[in-house]
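The chain contents come next:
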Amino acid sequence: MNNSKNETNAPTGGMGDALLDELDDVILRMGRLMSARHFGSECNAPDAITLSQALLMRAIESHGAVKMSEVAALLAIKAPAASAAIDALEREGYVERAADPSDRRVTLVTLTPLGCDALHAAETRRRDAMRRHMAVLTDDEIRTLITIHHKLIDAMVASAP
């Protein structure tokens, strides 16, 4: 019996370059399409926010008042990038900074009411777009897709330096 097929399908790294390249292309294309369509042209509104802004604002909303170092950690970005992103959101009136009452040396970031409104409007538009695009999949296929993505994310996080 030829084991080459079994070895090729083994999760231990026997896949060829062509398969990896195709997977890479598909993942990148899907990311670009989701970014453009879910927070871009389909969601183009006066209060529209970018995907990066939405991810940052969602992280702040779910964690409440967060330190700048926590913002960077939540999004897996460096502190200067987090600070620049917060600066931009602050200029738009979506977030505000305040000193931590228990440690005045620490700055906490929170969403403003305007930021909450912009995030919720973007989330509603994103969900509507997701429903339209994901209608080609069954609920079970979507759950499988989510499971696969979680598995890949966990593997990447575990192997990160």
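The numbering scheme is per chain: residues are counted from 1 as the chain's sequence reads. Per-residue local features of the predicted model are confined to residues with pLDDT of at least 70, and side-chain atom pairs are confined, for both listing and counting, to 80 or more; whole-chain, interface and lining totals are unaffected and use all residues. With hydrogens and water excluded, all non-hydrogen atoms of the structure serve as input to the side-chain values.

Novice: I would appreciate a short explanation of unusual backbone geometry in the present structure.
Specialist: Most of the time, phi is negative for any residue but glycine, and the peptide bond is trans. Positioned with a positive phi, A76 is a non-glycine residue whose angle comes to about 55°. Numbered from the N terminus, helices here are DSSP runs of H or I no shorter than four residues, and strands are runs of E no shorter than two. Position of A76 relative to the elements: it lies in the loop between helix 4 (68-75) and helix 5 (79-91). Accessibility expressed as a relative area gives 71% for A76, which makes it exposed. Buried, partly exposed and exposed residues are distinguished by accessible area as a fraction of the type maximum, computed with a 1.4 Å probe on protein chains only: under 20%, between the cut-offs, and over 50%, respectively.

Novice: Before we go on, may I ask you to explain the pairing of strand 2 (residues 95-100) in this structure?
Specialist: A regular strand carries its side chains on alternate faces of the sheet. As paired elements, strand 2 and strand 3 (residues 103-111) share six bridges and run antiparallel to each other. Paired with E96 across the bridge in strand 3 is T110. For two strands to be treated as a pair, DSSP must find at least two bridges joining them. The antiparallel hairpin formed by strand 2 and strand 3 contains two residues in its connecting segment.

Novice: Looking at this structure, how should I read the confidence of the model for the chain?
Specialist: Regions with low pLDDT should not have their predicted coordinates read in detail. Every residue carries a pLDDT, the predictor's confidence in it, which falls somewhere between 0 and 100. Averaged over every residue, the pLDDT of the chain is 83; residues scoring 70 or more account for 84%. By definition, residues are in contact when any of their heavy atoms lie within 4.5 Å. Ignoring residues within four places in sequence, the model shows residues 1-10, a span with pLDDT below 50, making four contacts including any to other chains.

Novice: What am I meant to see in the pattern of salt bridges here?
Specialist: Opposite charge on two side chains lets them pair, provided their charged atoms get close. Any Lys or Arg side-chain nitrogen found within 4 Å of a carboxyl oxygen on Asp or Glu counts as a salt bridge. What the rule picks out here adds up to eight salt bridges. Across the pair R105 and D103 runs a salt bridge whose closest N-O atoms are separated by 2.9 Å. A salt bridge links R131 to D128, with the shortest nitrogen-to-oxygen separation between them at 3.6 Å. Of this pair, R131 and D128 both sit in helix 6 (residues 113-134), separated by three residues, roughly a single helical turn. The exposure class of R131 is exposed, given its relative accessible area of 56%.

Novice: Teacher, can you tell me more about helix 5 here?
Specialist: Every α-helix winds through 3.6 residues per turn, so residues three or four apart in the chain are directed the same way. For helix 5, with 13 residues, the first-to-last C-alpha span of 18 Å sits near the 18 Å given by 1.5 Å per residue. Within helix 5 the residues assigned to the buried category are A82, I86 and L89. Burial along helix 5 is one-sided: seen end-on, the buried residues are contained in an arc of 60°. For helix 5, exposure combined with an orientation more than 90 degrees from the buried face picks out P80 and R91. Multiplying 1.5 Å by the helix residue count minus one yields the expected span of that helix. Throughout, the arc means that of the directions going from the helix axis to the C-beta atoms.

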